[in-house]
Amino acid sequence: MTFRWISPALSFLLCIAVVPSHAQDDVAGVVTDPCATQKTPDQVPAGQWMAYILSHDFGKLCQYRAQNAELLRAGNAPRVVFMGDSITEFWGKQNPAFFTNGYVDRGISGQTTSQMLLRFRQDVIDLHPQAVHILAGTNDVAGNTGPVTLEQVEGNIASMAELAKANGIRVILGSIPPAAHFPWRPEIHPVDTIRTLNAWIKTYAARNGFAYVDYYDALATAQGGMKQGLADDGVHPTKQGYAAMEPLARAAIQAATPSK
């Protein structure tokens, strides 16, 4: 089994290392509990929070640590963990009723695939789910953690899928939802890149026997944007957008975990 190198994460960390976000009282190096000393936004000088959190917890492993510990203490292995970015995180906020009966939301707003790969063991593998639903790539296309090649994004998605497979977890890969523009990155024109990545995800899933969920065709206009009413900002689904996605997700989960 081949695991791809996560160079985007490493190169980005090297870049942000020069940002003056480390105070003299910051704890550094290998420690027992990095989350215990992590500051809150109000404890960081104005304008430095993003640099601080990316240099102290690039993958944001602290975000779901307590919830994960509670699941493990209760012995409640999830049926499906949803790994993703804001589209997944907001899904749970828009329709919390969907995340019941063993569905667990582990989306984090703004994350790229390199960040998800860093937290994949903690937020997926260690929870011992039957399946993982991976919905990723939007923020790579937007360049949230710097420039990246298509091959690097594909490698990060493939590495998450391969890690899941190696640990006996069924894999469900979702297509990147459509977007004609990013409000926070108006200079980027994402339509063609999203289509290219989705073609790769579909082929990769078929080649490896993974489930593939085509959210793109359910949500997209012919021009590659979101259909009217399915996203207020052209990127993040509304309740109606998630309502269009949910039957597709359930069908894929049923196919991947037919015993339930």
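For the structure, see preceding data.
The model shown is predicted, which means the values in this text are computed figures rather than measured ones.

This part takes up the overall build of the chain. A count of helices and strands for the chain gives 10 helices and 5 strands. The buried share among the 260 residues of the chain stands at 49%. Total accessible area on the chain is roughly 12400 Å²; 56% of this is exposed by carbon and sulfur atoms.

Turning next to helix H4 (residues 86-94). Those residues of H4 lying buried are Ser86, Ile87, Thr88, Glu89, Trp91 and Gly92. Here the buried face of H4 lies against strand S1 (80-84), strand S2 (103-107), strand S3 (131-135), helix H6 (138-142), helix H9 (215-219) and helix H10 (239-256). Its side-chain oxygen at 3.0 Å from the backbone nitrogen of isoleucine 87, aspartate 85 defines the N-terminal cap of H4.

One recurring pattern in soluble globular proteins: nonpolar side chains tend to sit buried together. Grouped together as the largest cluster of nonpolar side chains are 38 residues, with contacts concentrated most on Phe120, Val132 and Leu173. Counting only elements with at least two residues in this core, the list comes to S1, helix H5 (113-123), S3, H6, helix H7 (150-166), strand S4 (170-174) and helix H8 (191-208). The greatest single-element share of this core, amounting to 7 residues, is contributed by H7. The contacts of leucine 173, once residues within four sequence positions are left out, are Ile134, Ile157, Ile201, Tyr204, Ala205, Phe210, Ala211, Tyr212 and Val213. Counting residues in hydrophobic clusters, the runner-up holds 22 residues, among them Trp91, Phe98, Tyr103 and Leu230.

Here the structure, examined in full by the defined rule, presents 1 disulfide. Through a disulfide, cysteine 35 is tied to cysteine 62; the S-S separation comes to 2.1 Å. Because the torsion about its S-S bond is -100 degrees, the bridge between cysteine 35 and cysteine 62 counts as left-handed. With a gap of 27 residues between them, cysteine 35 in the loop between helix H1 (7-16) and helix H2 (49-56) and cysteine 62 in the loop between H2 and helix H3 (65-74) connect regions that are remote in the sequence.

Our next topic: the side chain of arginine 119. Within the secondary structure, arginine 119 sits in helix H5. Separated by 3.1 Å, the side chain of arginine 119 and the backbone oxygen of glycine 84 make a polar contact. Not counting residues within four places of it along the chain, the set of residues in contact with arginine 119 comprises Gly59, Lys60, Leu61, Tyr64, Met83, Gly84, Arg106, Gly107, Ile108, Gln111 and Val124.

Attention now moves to the packing of H4 against H10. The geometry of H4 relative to H10 is characterised by a closest axis approach of 11 Å and an angle of 100 degrees between their N-to-C directions. With respect to their mutual orientation, H4 and H10 come out roughly perpendicular. Contacts between H4 and H10 involve Ser86, Ile87, Phe90, Trp91 and Gln94 on the former and, on the latter, Lys239, Tyr242, Met245, Glu246 and Ala249. The residue inventory of the contact of H4 with H10, partitioned by class, reads 6 nonpolar, 2 polar and 2 charged.

Conventions adopted
- Residues numbered from 1 in each chain as written.
- Predicted model: local features only at pLDDT ≥ 70, side-chain atom pairs only at ≥ 80, totals over all residues.
- Heavy atoms only, no water.
- Helix = DSSP H or I, 4+ residues; strand = E, 2+ residues; numbered from the N terminus.
- Buried < 20%, exposed > 50% of the residue type's maximum accessible area, 1.4 Å probe, protein only.
- Areas by Shrake-Rupley, 256 points an atom, 1.4 Å probe, with all protein chains shown as cover.
- Contact = heavy atoms within 4.5 Å.
- Polar contact = N/O pair within 3.5 Å; in protein donor to acceptor, adjacent residues only side chain to side chain.
- Core = buried A, V, L, I, M, F, W, Y, C linked by side-chain atoms within 4.5 Å.
- Disulfide = S-S within 2.5 Å.
- Axes fitted to C-alpha atoms, helices over the stretch in contact; angles between N-to-C directions.
- Parallel < 35°, antiparallel > 145°, perpendicular 65-115°, else oblique.
- Nonpolar A, V, L, I, M, F, W, Y, C, P; charged D, E, K, R; others polar.

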